[in-house]
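# Residue-level structural notes
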Amino acid sequence: MKTVQVELGNRTYPITISKGILEDIGSSLSRFGFSSPLALVSNTTVFPLYGATVSRSLSLSGFSCKEIILPDGEEYKTLASAEKIVDALLQARLDRKSAIIALGGGVIGDGAGFAASIYKRGIDFIQIPTTLLAQVDSSVGGKTGVNHPRGKNMIGTFWQPRLVWIDIDTLASLPRRELLAGISEIIKYGIIGDRDLFDYLERTARNILGLEGDTLRHIIRRSCQIKADIVSRDEREGGIRTILNFGHTIGHALETATGYKVFLHGEAVAIGMLVEAEIANLMGLLHHEEVLGIRRLLHAYGLPTAIPRDIDLEIFFAAMKLDKKAVSGTIRFILPDRIGSVAVHSSVPESAIRKAVEQAMEQ
Ligand SMILES: NC(=O)c1ccc[n+]([C@@H]2O[C@H](COP(=O)([O-])OP(=O)(O)OC[C@H]3O[C@@H](n4cnc5c(N)ncnc54)[C@H](O)[C@@H]3O)[C@@H](O)[C@H]2O)c1
Ligand SMILES: [Zn+2]
């Protein structure tokens, strides 16, 4: 079985990536030495699809398990949901040798991970990510959290999972648009650190869109390796980890300016990556051919690259300046100098940003 290790000293953990492994989770947790009761956190969409397989596997391995099913949606990624999870854990008398299993996308993973980090000052947790975005991004790296009415992910912790268990077969039921949004983050890994991955995504678009197993496994594994490598060098985002935010300065501003209603996160990031590549080009850092290459790949996966003409530019620019990654007023960008290499630029001229944004609106 293929695994990627996230190297963090005595908190090192494996990411297992394979097909049809959902039914093996129980025996894997036995090997890890967990004890009953466990808790399984999922939502009303994912639990009916995969909950029975996971529950059966746990019970065959002798685990008792408290099932906690939340409503589906980002709007339920709240302190109230985290409290609901904690309530259920207390009721089921989970102790410090127990563990919480998150079965679902990033919303469930972030919320269940957060609950695990605060329950009795922290218990173990296991990620079973079922969206492509969660498999290549949110389940790896230990950022947990919930939203506050004043901002997304404003309440959270760093709390690493003990195990990430990725069954590629779960992607078969994922809505197409969610799949493509996940591919956007994989394209990001190619641009920030792996030209071969970028080229591979271009060559194999047809296989990937057809959910061909070996190809999917390769791109998920490579993405996890890149993220694991960055996280093990800079767990708390004091330095290099910030390059994972390529495409996100513009992407987040776009999500804010459209009230989180128009784009999925990965779609906003797709537009953000192209605009930020244009900024790099305008600053003389990145060759025009590379910008065209990025646009071509985004289009190959049906991802958007244009900013809607009717967006409120005032909100857009205000959001960019308020981005929590902005350091003391200047807007910081992660900009590529070629596909496969990026650097942090802390004083990007506003004129280049405005020009790149205008270009993206004219498309
Ligand atoms: N912790 C991190 O480092 C990190 C990184 C990136 C994103 N995030 C967070 O992740 C969240 C987004 O995650 P997401 O994109 O997975 O969204 P999501 O969890 O909302 O999942 C998207 C939709 O797909 C459904 N779904 C999940 N798996 C399915 C499957 N196999 N078949 C059918 N439907 C399925 C979900 O129920 C939901 O309706 C955001 O809250 C974001 O802040 C966290
Ligand atoms: Zn992202």
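Everything here concerns the structure above.
Let me sum up the structure you'll find in this document.

## Thoughts on the site of ligand 1
In the vicinity of ligand 1, 26 residues are found, and the nearest of them are Asp72, Glu74, Thr130, Thr131 and Ser173. The side chain of lysine 77 places a nitrogen or oxygen atom 2.8 Å from an oxygen atom of ligand 1. Separating an oxygen atom of ligand 1 from a backbone N or O atom of valine 107 is a distance of 3.1 Å. Elements with a contribution of two residues or more to the shell around ligand 1: helix 2 (46-60), helix 4 (106-118), helix 5 (132-138) and strand 8 (151-158). Its residues assigned to classes, the shell around ligand 1 comprises seven nonpolar, ten polar and nine charged.

## Some thoughts on the sheet that holds strand 6 (residues 124-129)
Strand order in this open sheet of seven strands is 1-2-9-6-5-3-4, and the pairing throughout is mixed. A single partner strand is all that each edge strand has here, and the edge strands are strand 1 (2-6) and strand 4 (65-70). This sheet shows a mean twist of 20 degrees between the axes of neighbouring strands, independent of strand direction. Pairing of strand 3 (residues 38-43) with strand 5 (residues 99-104), which is carried by three bridges, proceeds in the parallel orientation. Opposite leucine 40, over in strand 5, you have isoleucine 101 as the bridge partner. Docked against the sheet, helix 4 engages strand 3, strand 4, strand 5 and strand 6, running at close to 170 degrees with respect to strand 5. Sitting on the sheet, helix 9 (residues 213-233) touches strand 1, strand 2 (13-18) and strand 9 (163-167), and the angle it makes with strand 1 is about 15 degrees.

## Considerations on the packing of helix 3 (residues 79-91) against helix 4
Viewed as axis vectors pointing N to C, helix 3 and helix 4 meet at an angle of 60 degrees, and their least axial separation amounts to 9 Å. Classed by the angle they form, the pair helix 3 and helix 4 counts as oblique. Crossing hand, helix 3 versus helix 4: right-handed. Here helix 3 contributes Leu79, Ala82, Ile85 and Val86 to the contact with helix 4, which in turn contributes Gly111, Ala112, Phe114, Ala115 and Ile118. Residues that form the contact of helix 3 with helix 4 fall into these classes: eight nonpolar, one polar and no charged.

## So, the coordination of the zinc ion (ligand 2)
Only Glu185 (OE), His248 (NE2) and His265 (NE2) from the protein coordinate the zinc ion (ligand 2), and they sit 2.0 to 2.1 Å from it. Sequence positions of the donors to the zinc ion (ligand 2) reduce to the motif E-x62-H-x16-H. Residue histidine 248 is found in helix 10 (residues 248-257), and its partner histidine 265 is found in helix 11 (residues 265-282); the two are separated by 17 residues along the sequence. The buried category is assigned to histidine 248, whose relative accessible area is 6%. The exposure class assigned to histidine 265 is partly exposed, which follows from its relative accessible area of 26%.

## Remarks on the nonpolar core
Core analysis: the biggest nonpolar cluster contains 80 residues, and Ile187, Phe316 and Ile353 have the highest contact counts within it. For this core, the leading source of residues is helix 11, giving ten residues. When residues of this core are assigned to domains, at least three fall in each of domain 1 (2-173) and domain 2 (176-362). Ranked by size, the runner-up nonpolar core spans 20 residues in total, among them Leu40, Tyr50, Ile101 and Ile128.

Cut-off values and rules
Residues numbered from 1 in each chain as written. Chains lettered and ligands numbered in written order. Predicted model: local features only at pLDDT ≥ 70, side-chain atom pairs only at ≥ 80, totals over all residues. Heavy atoms only, no water. Near = heavy atom within 4 Å. Polar contact = N/O pair within 3.5 Å; in protein donor to acceptor, adjacent residues only side chain to side chain. Helix = DSSP H or I, 4+ residues; strand = E, 2+ residues; numbered from the N terminus. Nonpolar A, V, L, I, M, F, W, Y, C, P; charged D, E, K, R; others polar. Pairing = 2+ DSSP bridges. Axes fitted to C-alpha atoms, helices over the stretch in contact; angles between N-to-C directions. Contact = heavy atoms within 4.5 Å. Parallel < 35°, antiparallel > 145°, perpendicular 65-115°, else oblique. Left-handed = near helix turned anticlockwise from the far one by under 90°. Donors = N, O, S within 2.8 Å, 3.2 Å for Na, K, Ca; no water. Buried < 20%, exposed > 50% of the residue type's maximum accessible area, 1.4 Å probe, protein only. Core = buried A, V, L, I, M, F, W, Y, C linked by side-chain atoms within 4.5 Å. Domains from an automatic or database assignment.

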